[in-house]
Amino acid sequence: MTEQHVEWSEPDAVAAPATAPVTPADAADAARLVAFGLQPKLQPARDQEYAELLRRYREDPAFARLADAVAAGLGLVVLEVSPRAGMAVTAAEDSVFAVRMGDYARRTSADSADRFLHGLAHLAVAAMAFPRPEDLADDGYIGRVSVNGVDAFVRQACRRLEERAEEQGENTDPATEAPGLEAAWRIWARRSSTGATKDARRLSGSTTGIIGKAVAFLTDSGFLQRTGDDSGGTYRTTARYQLQVRDMAGSAAMAELLELGVVPVTDGTPTLLPAEHTDDLELVADAGLPFHS
């Protein structure tokens, strides 16, 4: 009887060691790393604490899970954790950090009808920055855009849509309030490019003014870096913006914009080829990177 008792007791004697408990200091470090991730302009190479927490995330699975849980609790989605991008996060739709197109447009203009134009500006910047799937897939790719280049691109797209509507015998003058990709771009075509004020500044409600607001927002958010003043302002993309656009590339509005046939460019100038498919396109209300509807 005694021998049998010893045999049944042996598994208990070799039980796996318990996982080290999470300490308040661990939780504080994980939250600190997420806080660094919410400072998009901060580069890990220039902050020793940030770099050390990134190293710990990559080398300590338990700490990585803890940091991911902290981010999830704040309604954040972790896109990548690496030396090049830091802890790159984006806000989920229900996050307190989410920026909504309606709120953004109201802050930039008293005219609620401009909401489509602000969304279209963000979509156009993203499409010109990464016009091909391989551009999004290549971590070393740097996109370059200019304010005037984005405006010219949208106007070329507008002319393409006008030609398509005429070929198909569609109404070429829809109501301004009508939703849809073509309606939004025709509103853009009717708007002045600059609408300069008495002191030659571009009006905020002009199309280049709207694009200027979009690229300023993206620059403040760490998605773009300003590189010069030519063509209304020139910009280059960051690793964070590539991750953001990569995450949103499956959106209907982005896919529809690219379907028109954007030719890859590197100097910020627009080029547009006729699309192979001319199925009806529709712009989702409030659509615009990196916003939620």
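Visitor: Any details on the sheet that holds strand β5 (residues 234–237)? Residues and values, ideally.
Guide: Spatially, three strands are ordered β3-β5-β4 in an open sheet, and the strand pairing comes out antiparallel. Strand pairing shows two members of the sheet lacking a second neighbour, β3 (144–146) and β4 (224–228), which therefore form its edges. Each neighbouring strand pair of the sheet contributes to a mean axis angle of 35°, computed without reference to strand direction. With three bridges joining them, β3 and β5 adopt antiparallel strand pairing. Within β5, the position partnered with Ser146 by the bridge is Thr234.

Visitor: Please provide a residue-by-residue account of the pattern of salt bridges, values included.
Guide: A side chain with one charge can pair with a side chain of the opposite charge if their charged atoms come near. By the definition in use, this model includes 12 salt bridges. Here Asp220 ties to Lys41 by a salt bridge, and the two come within 3.9 Å at their closest N and O atoms. Here Asp220, found in helix α10 (residues 207–220), pairs with Lys41, found in the loop between α2 (24–37) and α3 (48–59); they are 179 residues apart in sequence, far enough to count as distant. With relative accessibility at 56%, the residue Asp220 sits in the exposed group.

Visitor: Go over the packing of aromatic side chains, please, and point to the residues and values.
Guide: Here the structure, examined in full by the defined rule, presents four aromatic pairs. A ring pair is formed by Phe130 and Tyr141, whose centres lie 5.9 Å apart and whose planes are at 50°; its orientation type is tilted. Here Phe130, found in the loop between α6 (115–129) and α7 (133–137), pairs with Tyr141, found in the loop between α7 and β3; they are 11 residues apart in sequence, far enough to count as distant. One residue, Arg56, lies across the ring of Phe63, its end atom 4.1 Å from the ring centre.

Visitor: Explain the environment of Leu120 residue by residue, including any values.
Guide: By secondary structure assignment, the location of Leu120 is in helix α6. Taking relative accessible area as the criterion, Leu120 reaches 0% and is therefore assigned buried.

Visitor: Mind laying out a nonpolar patch on the surface, listing which residues take part and the relevant values?
Guide: Side chains of Leu38, Leu74, Val96 and Phe97 sit close together on the surface and give an oily, nonpolar patch of about 350 Å² of accessible area. Relative to the helices and strands, Phe97 resides in the loop between β2 (86–91) and α5 (101–108). The exposure class of Phe97 is partly exposed, given its relative accessible area of 37%.

Visitor: Provide a residue-level description of the pairing of strand β1 (residues 76–82), including the pertinent values.
Guide: By the bridge criterion, six bridges tie β1 to β2 in an arrangement that is antiparallel. Paired with Val78 across the bridge in β2 is Val89. In this antiparallel pair of consecutive strands, β1 and β2, the connection spans three residues.

Visitor: Just give me the short version of the environment of Phe153, but keep the residues and values in it.
Guide: With respect to the helices, strands and loops of the structure, Phe153 is situated in helix α8 (residues 147–167). Sequence spacing of Phe153 and Met128 is 25 residues, and the spatial spacing of their C-alpha atoms is 8.3 Å.

Visitor: Tell me what's going on with the packing of α2 against helix α4 (residues 61–73), and back it up with residues and numbers.
Guide: Packing of α2 against α4 brings their axes to within 9 Å, and their N-to-C directions diverge by 60°. Here α2 is positioned oblique relative to α4, judged by the angle of their axes. In terms of crossing hand, the pair formed by α2 and α4 is right-handed. Contacts between α2 and α4 pair Asp26, Ala27, Asp29, Ala30, Ala31, Leu33 and Val34 from the former with Phe63, Leu66, Ala67, Val70 and Ala71 from the latter.

Visitor: Which residues make up the side chain of Thr237, and what values go with them?
Guide: Here Thr237 is to be found in strand β5. With residues near it in sequence (within four places) discarded, Thr237 still touches Ala129, Phe130, Tyr141, Ile142, Gly143, Phe223 and Leu224.

Visitor: Account for the packing of α6 against α10, with residues named and values stated.
Guide: In the contact formed by α6 and α10, the axes pass within 9 Å of each other and the chain directions differ by 60°. Taken together, α6 and α10 sit at an angle that is classed as oblique. Along this stretch, α6 crosses α10, giving a crossing that reads as right-handed. Seen from α6, the contacting residues are Leu117, His118, Ala121, His122 and Val125; seen from α10, they are Ile210, Ile211, Ala214, Val215, Phe217 and Leu218. Residue composition of the contact of α6 with α10, grouped by class: nine nonpolar, two polar and no charged.

Visitor: Give me the environment of Arg236: which residues, what numbers.
Guide: For Arg236, the position within the fold is in strand β5. Residue classification places Arg236 among the partly exposed positions, given a relative accessible area of 27%. In this structure Arg236 touches Ile142, Gly143, Arg144, Phe223, Leu224, Gln225 and Thr227, once residues within four positions along its chain are discounted.

The rules behind each value
- The residue numbering used here restarts from 1 in each chain and proceeds along that chain's sequence as written.
- Under the rules for a predicted model, residues below a pLDDT of 70 receive no local features and side-chain atom pairs below 80 are neither given nor counted, while totals for whole chains, interfaces and linings still include all residues.
- Only hydrogens and water are set aside; all other atoms, that is, all heavy atoms of the structure, feed into the side-chain values.
- If DSSP finds at least two bridges between two strands, the strands pair.
- Numbering of helices and strands starts at the N terminus; helices are DSSP runs of H or I of at least 4 residues and strands are runs of E of at least 2.
- To obtain an axis, a line is fitted to C-alpha atoms, over the contacting stretch when the element is a helix, and the angle between two such axes runs from 0 to 180 degrees between their N-to-C directions.
- Salt bridge, as used here: a side-chain nitrogen of Lys or Arg that lies within 4 Å of a carboxyl oxygen of Asp or Glu.
- When accessible area is computed with a 1.4 Å probe and restricted to protein chains, residues below 20% of their type maximum are described as buried, those above 50% as exposed, and intermediate ones as partly exposed.
- Within 6.5 Å between ring centres, the rings of Phe, Tyr and Trp (the latter by its six-membered ring) count as paired, and their orientation is classed by plane angle as stacked under 30 degrees, edge-to-face over 60, tilted in between.
- Comment: the charge-over-ring label is applied if NZ (Lys) or CZ (Arg) is within 6 Å of the ring centre and within 35 degrees of the ring normal.
- Residues forming no salt bridge and having over 30% relative accessible area are the ones grouped into patches, like charges within 9 Å of each other and nonpolar side chains (Val, Leu, Ile, Met, Phe, Trp, Tyr) within 5 Å.
- Note on areas: Shrake-Rupley, 1.4 Å probe, and residue coverage restricted to the protein chains presented here.
- These descriptions rest on fixed angle ranges, namely under 35 degrees for roughly parallel, over 145 for roughly antiparallel, 65 to 115 for roughly perpendicular, and the rest for oblique.
- Each crossing gets its handedness from the near helix: less than a right angle anticlockwise from the far helix is left-handed, clockwise is right-handed.
- For this analysis, residues touch if any pair of their heavy atoms sits within 4.5 Å.
- Only Asp, Glu, Lys and Arg are considered charged in this grouping, and only Ala, Val, Leu, Ile, Met, Phe, Trp, Tyr, Cys and Pro are considered nonpolar; every other residue, Gly among them, is considered polar.

As far as function goes, none of this settles anything; it's purely spatial.
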